[in-house]
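Listed below are the residues making up each chain.
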Amino acid sequence: MGVVVSHSGLHSQIIPFWLPAGVALAAGRHFGYRILPGAGLGSLLFNLGMPTQWSFALTPELFFSALLIAVGVTLQAAAGTYLLKRLGDPVSLRGDIRLGRFILLAGFGSTLISASIGVTSLWWLTQPTGGMSLAHDWLTWWLGDSFGVILMAPLCLALLTPPHQRRSPGLHRRLVVLLAGGLTAILVTNQAYLFQLERQLANGFQRDMAVLQANLNHLYQQNLADLGRLEREFTQQQGMSPDAFRAVTSDIFADNPAVLAYSWDPIVAAEEREAFERRTQALLDWPAFAVYGESPEPDDPLVVVQYVEPFAANTAALGFNLLSEPDRRRWVIQAQETGRPVATEILNLTQAPDEPGALILQPVYLNPDAQNGGLLDRDKQLVGFMAGVFTIQRMVEAAIAMSGLEHVALTLKEADETFYRHLPESDMDSGELYRAGFAFDFAQQRWQVEMSAGHAYRATSSENSSLEFQMLLVLVGALASGVILGMYGREDSLARRVAEQTHSLRHQAHHDPLTGLPNRLRLEQEMTALLEQPEHPPFALLFMDLDRFKLINDSLGHMTGDQLLIELTRRWQAALPEESELFRLGGDEFVLLQRLTPDAVPEETAERLLDETRKAISVDGLHLQITASMGLALCPQHGIEHHTLLRNADTALHNAKSLGKNRVLRYQHSQTDATQQHFSLEQDLRLAIGTDQLLLHFQAQYTLADRTLDGVEALLRWDHPRRGMVSPGEFIPLAEETQLIVPIGWQVIEMACRQIAAWDAEALRIPYVAVNISPLQLLQSDFVDCLNRQVDAAGVSRRRLELEITETLLHLDPDFAFQQLKALRHAGYRLALDDFGTGYSSFNRLKKMPLDRIKIDRCFVKDIGRNPKDEAIICSIIDLGHRLEMSVLAEGVETWEQFHYLAAAGCDSMQGFLLARPSTSPPLERPCQEEHALPSDSRA
């Protein structure tokens with residue numbers, strides 16, 4: 001990958017879009033720190049091969065710089081991996097702040113390491129090819145690594161994410177496409193820019209070459225002008241002294257850096273040689289002056305260098321005879337013949353024998369002098385030559401300096417032979433990028449000038465704005481990455497919330513929100529799946545319902561009821577066998593689906609659940625005890641359709657309730673008829689509420705001491721329009737089971753109050769009327785207030801009502817029950833405990849109850865005279881009641897034997913068929929004293 005992106009910049013090792021930095025970071029984040037040495041090894045190979053064009057011609061400097069770069073890459077990848085492990089996978093980051101931290105810390109922060117180490121090692125050891133400056137190269141390196149981390153790392157991590165971890169495959173694919181597309185777009189944009197930049201740089205190179213050509217021509221023309229100036233000064237003065245020559249040339253040197261020296265070379269006759277030497281020695285004050293170099297022709301005069309400036313640097317040229325060298329002789333003759341300045345071919349100069357150079361000879365003419373004659377006689381007398389001495393190096397460097405060029409190479413040829421090369425101190429050995437040439441006329445000579453440039457020229461060219469543009473692309477890439485990742489994060493979060501809501505809705509559609517159990521719909525699906533199998537697998541369906549649960553909801557509130565259901569569900573699930581699943585149908589109805597194995601006994605499972613149900617449950621400081629009834633249906637014995645199985649299990653449940661609750665009952669086909677009858681009776685009872693089908697019978701209660709009327713008990717009767725009188729033992733349990741006992745209880749209280757008011761109106765003084773109160777009704781939070789309003793509205797004294805409760809009330813919610821009883825006693829009502837001794841009586845609770853009377857249940861009275869244990873219990877109850885300052889009444893007294901025993905035992909009152917049967921109106925006369933037993937089948 002490094003080779004692929006190595007052409008994204010103008011430098012062979014400092015690359016503005018270094019994608020491997022992101023690859024290394026992603027690999028470290030995904031695979032761990034153990035993979036990071038691979039990043040360092042890859043960097044080492046790249047930086048050993050790329051600078052040598054993959055020839056691996058290593059030098060110590062190259063090796064150590066590549067090694068240091070690899071160390072920097074490894075440290076950077078380790079730091080970035082650490083940051084990503086702290087910040088999180090950028091693909092999974094949510095929120096602009098977290099993405100900003102990733103871009104700033106991992107993208108721009110960790111990449112400082114490699115840039116600092118890498119650029120320092122390159123500039124310290126190898127002087128990077130194409131480098132512009134340390135700061136420039138550091139910035140390029142840093143931005144390149146940042147770009148790779150910000151865009152390439154998320155792309156690699158997205159590609160490395162396992163399919164099962166991609167919450168939304170479509171969004172994930174789009175993320176990959178957007179990141180790859182953004183990355184590709186930036187790289188393509190950069191390549192397009194580099195292509196255009198190369199064209200601009202090539203055009204700029206052509207312009208630089210044209211400027212160089214113009215400056216070379218300018219220098220040449222300036223040299224000609226300077227020689228012409230010297231010639232004019234000499235002509236005007238009819239000769240020049242050394243001081244005058246020095247003064248004029250000093251001004252020229254200040255403005256023309258290309259010239260090495262100027263000389264005045266007069267023509268001297270051979271016979272005047274010695275006189276010329278003496279004269280020149282005097283003029284120059286240079287005793288060592290002497291002419292050297294003999295002319296090849298005996299008739300030739302001497303063309304001697306008499307003056308030269310700068311003097312100190314060119315004394316070697318003083319006295320040199322130009323005609324002594326064949327090449328110079330030719331150009332002297334040509335200048336004399338043409339009368340114009342003549343440039344020599346490339347020569348080895350006397351002043352600088354190791355440097356190629358050239359002379360420009362400017363003929364100087366004075367007025368004719370008859371004393372001069374010979375070979376060079378003309379109409380105008382040629383007296384000598386002004387010579388400009390130039391080294392090619394000075395002229396080329398002066399032209400380059402004037403052109404403002406750097407890092408360019410020049411080759412000068414004459415007649416296809418190279419006579420000079422100018423090479424920059426930088427990267428020409430790395431290959432030419434640009435080359436062009438032009439022809440340059442130097443007096444009568446034509447030179448071919450070839451200019452070339454490499455990476456350093458491109459990096460330092462004024463046309464090159466790559467750093468600014470690539471900085472912009474990196475910032476655009478960082479912004480694009482942030483936008484793409486942010487958009488993906490928001491869309492992924494939205495998709496996740498939609499998926500969660502969909503899952504939640506699906507879960508809610510198939511599960512109970514309170515307990516988390518599967519619901520009726522899920523039960524039907526499970527049963528349908530089982531029943532659709534070719535061979536119906538055997539399973540048991542256990543329909544469960546909590547006994548008297550509505551009483552808890554009505555008295556303690558639904559919050560308490562909900563907490564009880566949650567705790568009970570937890571217990572049941574802990575006790576479930578394998579291959580079974582619990583469902584909640586609603587309210588307090590549950591169904592257990594148990595797949596049956598050959599050794600499975602569903603009744604044992606049911607008994608285990610019943611045991612868990614009976615255990616006390618603590619809810620908000622209350623200790624609650626509850627029971628459950630269960631109906632069991634088996635597949636395929638009791639049906640092969642889920643509706644049938646549910647109905648049959650429900651039928652068995654209702655039969656279990658009718659048999660006393662707190663038990664499990666297997667379905668029998670005969671139960672269906674009973675269930676239908678039970679349902680029909682329930683519907684009729686609902687219609688009877690609020691009508692005169694429900695009426696009261698009253699049974700008198702007498703004192704045992706004198707058999708005077710002590711009170712009456714209101715007994716509810718149902719006069720069914722078709723069935724006639726329905727037994728209370730048949731419809732009262734049904735009313736309690738269906739919660740109808742509450743409205744019936746209020747109707748009984750209303751009828752009792754109305755009857756008391758009627759008796760009072762007839763002046764029939766009844767001490768009080770006893771009314772049975774259902775625990776469901778008594779445990780209603782507003783029962784006392786409603787009762788007070790109803791009794792007061794009837795105009796009846798509250799002491800005329802005796803409210804009978806049962807021990808069952810104390811087991812449902814003892815604390816609240818005590819509060820209700822105290823409130824009733826405080827309101828003025830009489831309180832009696834009915835059926836005492838048949839429940840789970842607690843003496844500790846009994847002593848705290850504000851009771852007026854205890855009623856001994858008929859089950860103890862009936863065996864008086866036959867069972868001493870019953871008699872002992874009766875005596876104990878009587879004694880207990882008296883000690884607690886409560887009166888005692890015995891129910892079900894049917895014989896005089898029972899009457900006399902109770903009287904002898906100290907019982908206060910009695911109620912039974914012996915003295916009074918239930919009737920629509922109580923007897924007002926004292927009952928007869930005739931002692932006879934009533935028929936044994938007579939009951940209240």
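Residues numbered from 1 in each chain as written. Predicted model: local features only at pLDDT ≥ 70, side-chain atom pairs only at ≥ 80, totals over all residues. Heavy atoms only, no water.

The name an unreviewed UniProt entry gives the chain is EAL domain-containing protein, with Billgrantia campisalis as the organism. For the chain, the Subcellular location (unreviewed entry) comment in UniProt is given as "Cell membrane". (UniProt positions renumbered as here; feature names shortened; annotations may be inferred.)

**Some thoughts on the overall build of the chain**
A count of helical and extended segments in the chain gives 30 helices and 27 strands. Considering only C-alpha atoms, the chain reaches an extent of 205 × 60 × 45 Å along its principal axes. Among the 940 residues that make up the chain, the fraction classed as buried is 52%. Once local pairs closer than 6 in sequence are excluded, the contacts in the chain between residues at least 24 apart make up 68%. Accessible surface for the chain amounts to roughly 43,000 Å². Of this, 53% is attributable to carbon and sulfur atoms. (Helix = DSSP H or I, 4+ residues; strand = E, 2+ residues; numbered from the N terminus. Buried < 20%, exposed > 50% of the residue type's maximum accessible area, 1.4 Å probe, protein only. Contact = heavy atoms within 4.5 Å. Areas by Shrake-Rupley, 256 points an atom, 1.4 Å probe, with all protein chains shown as cover.)

**So, the pattern of salt bridges**
What the rule picks out here adds up to 35 salt bridges. Of the charged contacts, one joins Glu526 and Arg595 as a salt bridge, the two residues approaching to 3.3 Å between their closest N and O atoms. One end of the pair, Glu526, is in helix 15 (residues 520–531); the other, Arg595, is in strand 14 (residues 589–595), with 69 residues separating them in the sequence. In this structure Glu526 comes out as buried when scored by relative accessible area, which is 15%. On the accessibility criterion, Arg595 (26% relative accessible area) is partly exposed. We note a salt bridge from Lys855 to Glu891, for which the minimum N-O separation is 3.2 Å. Within this pair, whereas Lys855 is found in strand 25 (residues 853–856), its partner Glu891 is found in strand 26 (residues 887–891), the two being separated by 36 residues in sequence. Judged on exposure class, the residue Lys855 and its partner Glu891 are both buried. (Salt bridge = Lys/Arg side-chain N within 4 Å of Asp/Glu carboxyl O.)

**Some words on the pairing of strand 1 (residues 259–268)**
Most of strand 1 sits out of view: nine of its ten residues are buried. One ladder, built from seven bridges, connects strand 1 with strand 7 (residues 381–391); its direction is antiparallel. Note on strand 7: the bridge partner recorded for Tyr262 is Gly388. In this structure, strand 1 lies alongside strand 3 (residues 307–309), joined through three bridges in antiparallel fashion. Within strand 3, the position partnered with Ser263 by the bridge is Val308. As paired elements, strand 1 and strand 2 (residues 302–303) share two bridges and run antiparallel to each other. (Pairing = 2+ DSSP bridges.)

**Quick look at the sheet that holds strand 9 (residues 417–422)**
Strand order in the open sheet formed by four strands is 9-8-11-10, with antiparallel pairing between adjacent strands. Here the strands that pair on one side only, and so sit at the sheet edges, are strand 9 and strand 10 (434–442). On average, adjacent strands in this sheet sit at an angle of 20° to one another, irrespective of strand direction. Pairing of strand 8 (residues 408–414) with strand 11 (residues 445–453) involves seven bridges; the strand directions are antiparallel. (Axes fitted to C-alpha atoms, helices over the stretch in contact; angles between N-to-C directions.)

**Describing the sheet that holds strand 13 (residues 580–586)**
Where strands meet in a sheet, backbone hydrogen bonds hold them as pairs that are either parallel or antiparallel. Ordered in space as 13-14-12-17-18, the five strands form an open sheet in which the pairing is mixed. Edge positions in the sheet fall to strand 13 and strand 18 (664–666), since each has one partner strand and no second. On average, each strand axis in the sheet is tilted by 20° relative to the strand beside it, whichever way the strands run. In the sheet, strand 12 (residues 539–546) pairs with strand 17 (residues 628–635) via eight bridges, with the strands oriented antiparallel. Its bridge partner lying in strand 17, Phe543 is registered against Gly631. The sheet contacts of helix 17 (residues 558–575) involve strand 12, strand 13 and strand 14, and relative to strand 12 the element is tilted by about 150°.

**Things to note about the confidence of the model for the chain**
Averaged over all residues, the pLDDT of the chain equals 83, while 91% of them reach at least 70. Contacts from residues 370–377, a stretch scored under 50 in pLDDT, to residues over four places away or in other chains number six contacts. Low pLDDT, under 50, characterises residues 932–940; the stretch is placed with 16 contacts to residues that sit more than four places away or in other chains. (pLDDT = per-residue confidence, 0-100.)

**Some words on helix 21 (residues 728–737)**
Where helix 21 is concerned, the buried positions are Phe731, Leu734, Ala735 and Glu737. The buried residues of helix 21 occupy an angular sector of 160° when the element is viewed end-on, so they sit on one face. The opening residue of helix 21 is Ser727, an N-cap whose side-chain oxygen sits 3.2 Å from the backbone nitrogen of Gly729. Looking at the residues trailing helix 21, positive phi occurs at Gln739, about 65°. (Arc of directions from axis to C-beta. Polar contact = N/O pair within 3.5 Å; in protein donor to acceptor, adjacent residues only side chain to side chain.)

**Points about the packing of helix 16 (residues 549–556) against helix 17**
Where helix 16 contacts helix 17, the two axes come as close as 6 Å, and the packing angle between them is 140°. When the axis of helix 16 is compared with that of helix 17, the two are oblique. Side by side, helix 16 and helix 17 meet where Phe549, Ile552, Asn553 and Leu556 of the first sit next to His558, Thr560, Gly561, Leu564 and Leu565 of the second. (Parallel < 35°, antiparallel > 145°, perpendicular 65-115°, else oblique.)

**Some remarks on the environment of Phe442**
By the secondary structure assignment, Phe442 is in strand 10. Residue Phe442 is classed as buried on the basis of its relative accessible area of 0%. Taking C-alpha positions, Phe442 is 105 Å from Leu514, a pair spaced 72 residues apart along the chain.

**Quick look at the side chain of Gln820**
Along the chain, Gln820 falls in helix 26 (residues 814–827). Filtering out sequence-adjacent residues up to four positions away, Gln820 remains in contact with Leu778, Gln780, Phe783 and Val784.

**Some thoughts on a nonpolar patch on the surface**
On the surface, Phe56, Leu58, Phe63, Phe64, Leu67, Val71 and Leu75 cluster together to form a nonpolar patch covering roughly 600 Å² of accessible area. Residue class for Phe63 comes out partly exposed when judged on its relative accessible area of 33%. (Patch = residues over 30% accessible without salt bridge, like charges linked within 9 Å, V, L, I, M, F, W, Y side chains within 5 Å.)

**Considering unusual backbone geometry**
Glycine aside, negative phi is the norm for most residues, and most peptide bonds take the trans geometry. With omega at -5°, the peptide bond leading from Glu309 into Pro310 counts as cis. The residue Pro310 is located in the loop between strand 3 and helix 11 (326–338) in this model. Residue Pro636 follows Cys635 across a cis peptide bond; omega there is 10°. Within the element layout of this structure, Pro636 appears in the loop between strand 17 and helix 19 (642–658). One non-glycine residue, His407, adopts positive backbone phi at about 55°.

**So, the packing of helix 4 (residues 60–87) against helix 6 (residues 112–126)**
Across the interface, helix 4 lies against helix 6 with an axial gap of 8 Å and an inter-helix angle of 175°. By the angle between their axes, helix 4 is roughly antiparallel relative to helix 6. For the pair formed by helix 4 and helix 6, the contact residues are Glu61, Leu62, Phe64, Ser65, Leu68, Ile69, Gly72, Val73, Leu75, Gln76 and Ala79 on the first element and Ile113, Ser114, Ala115, Ile117, Gly118, Ser121, Leu122, Trp124, Leu125 and Thr126 on the second. Per-class residue counts for the contact of helix 4 with helix 6 are 13 nonpolar, seven polar and one charged. (Nonpolar A, V, L, I, M, F, W, Y, C, P; charged D, E, K, R; others polar.)

**Thoughts on the pairing of strand 6 (residues 356–366)**
Counting buried positions along strand 6 yields nine of eleven residues, so the element is predominantly enclosed. One ladder, built from two bridges, connects strand 4 (residues 342–343) with strand 6; its direction is antiparallel. The residue bridging Val342 from the neighbouring strand is Leu361, located in strand 6. Note that strand 5 (residues 347–348) and strand 6 share two bridges and pair antiparallel. Its bridge partner being in strand 6, Leu347 is matched across the sheet by Gly357. The pairing of strand 6 with strand 7 spans ten bridges and is antiparallel. Looking at the pairing, Ile360 lines up with Gly388 of strand 7.

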